[in-house]
Amino acid sequence: MAEPPPQKALSVYLYIPNIIGYIRVIMNCVAFALCFSNRTLFAILYFISFFCDGLDGWFARKFNQVSTFGAVLDMVTDRVSTACLLAILSQLYRPGLIFLSLLGLDIASHWLQMYSSFLSGKTSHKDVKDKSNWLLKAYYGQRLFMAFCCVASEVLYIILFLVADNQSESVLDACLNTLKQSSFLSLTLFVTLIGWAIKQVVNIIQMKTAADSCVLYDTKRSK
């Protein structure tokens, strides 16, 4: 395959949503560099970066600057930032295996979904019209529903990071202690737990359906 002209390739790298993606990467690097010295600043930078995840998608559609590179950059940034936060939480709470398992599920689910989408000739991993599971269709078909689940998960992780006191604390104890505090914080934690739980179920379903797609591709190719 011939390489694209340098000027055309450069224009894709300089798409507005991709520039937003670069800014997200920088913000995340700064956030994690300061995560233990300034937890509040970390939370602010991390959440702004996460908010920009939806912003770059809006700009991509608004200016017709949707690109495969942008989609990959977006997903890699999301997965790496969440993975880093989960890795930190695994050191702050016991059992840390809970967060490491969530990290593995998140990466495996999205990587399989992305790969199976390309095998099927789809342009986006969010195209699940041919899937039979209603929850997976609702998740990717309703932007507000997906946004709620994603925001809830990230906010839950940020709250757990902010309220962590020591390395021996149980994650269950941390949640119970948080629920005993202000009504607003308790309500926020309760709502985010619902969205987080739905997202984990979707991740499991997504991983299974994506694996099935890969197996189906293999069986068709072997005929």
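Since we're looking at a predicted model, the values are computed, not measured.

Each value, and the rule that gives it
- Residues numbered from 1 in each chain as written.
- Predicted model: local features only at pLDDT ≥ 70, side-chain atom pairs only at ≥ 80, totals over all residues.
- Heavy atoms only, no water.
- Helix = DSSP H or I, 4+ residues; strand = E, 2+ residues; numbered from the N terminus.
- Buried < 20%, exposed > 50% of the residue type's maximum accessible area, 1.4 Å probe, protein only.
- UniProt positions renumbered as here; feature names shortened; annotations may be inferred.
- 1 Å grid on protein atoms, 1.4 Å probe; cavity = no way out; pocket = protein on both sides within 12 Å on 5 of 7 lines; lining within 4 Å.
- Points joined across faces, edges and corners; volume = space filled by probe spheres on them.
- Domains from an automatic or database assignment.
- Contact = heavy atoms within 4.5 Å.
- Buried area = accessible area lost by both parts, 1.4 Å probe.
- Salt bridge = Lys/Arg side-chain N within 4 Å of Asp/Glu carboxyl O.
- Polar contact = N/O pair within 3.5 Å; in protein donor to acceptor, adjacent residues only side chain to side chain.
- Nonpolar A, V, L, I, M, F, W, Y, C, P; charged D, E, K, R; others polar.

Trainee: Hey, could you go over unusual backbone geometry for me, with residue numbers and the actual values?
Mentor: Put simply, arginine 94 and proline 95 share a cis peptide bond, and its omega is -5°. As for its position among the elements, proline 95 is in the loop between β1 (93–94) and α5 (97–119). Positive phi values are uncommon outside glycine, yet asparagine 64 reaches one of about 50°.

Trainee: Residues and numbers for the environment of serine 222, please.
Mentor: Mapped onto the elements of the fold, serine 222 is located in helix α9 (residues 183–222). You can call serine 222 exposed: its relative accessible area is 62%. Spatially, the C-alpha atom of serine 222 lies 34 Å from that of leucine 102, the residues being 120 residues apart in sequence.

Trainee: Now, about the UniProt feature "transmembrane region" (unreviewed entry) in the chain: what can you tell me, with residues and values included?
Mentor: The UniProt feature table records "transmembrane region" (unreviewed entry) at residues 12–34, 144–164 and 184–202. Between the end C-alpha atoms of residues 12–34 the distance is 32 Å, and the span holds 87% helix and 0% strand.

Trainee: Which residues make up empty space enclosed by the protein, and what values do they have?
Mentor: Going through the model one piece at a time under the given rule, you end up with 1 cavity of 30 Å³ or more. For the largest cavity, the calculated volume is near 30 Å³. Top element by residues in the lining of the largest cavity is α5. It accounts for 3 residues.

Trainee: Break down the domain arrangement of the chain for me, with residues and values.
Mentor: Examined at the domain level, the chain breaks down into domain 1 (1–92) and domain 2 (128–222). Relative to domain 2, the C-alpha centre of domain 1 lies at a distance of 20 Å. Listed as interface residues are 18 residues of domain 1 and, on the opposing side, 16 residues of domain 2. For the pair domain 1 and domain 2, the summed buried area comes to about 1400 Å², and 71% of that belongs to carbon and sulfur atoms. The largest share of the area that domain 1 buries against domain 2 comes from Arg39, Phe50 and Leu92, three residues that together contribute 38% of it. Applying the counting criterion to the domain 1 and domain 2 interface returns 0 salt bridges. Applying the counting rule to domain 1 against domain 2 returns 4 residue pairs in polar contact (both at pLDDT 80 or more). Listed by contribution, the elements that provide at least two residues to the side of domain 1 that touches domain 2 are α3 (39–62) and α4 (68–92). For the side of domain 1 that touches domain 2, the residue count by class is 12 nonpolar, 3 polar and 3 charged.

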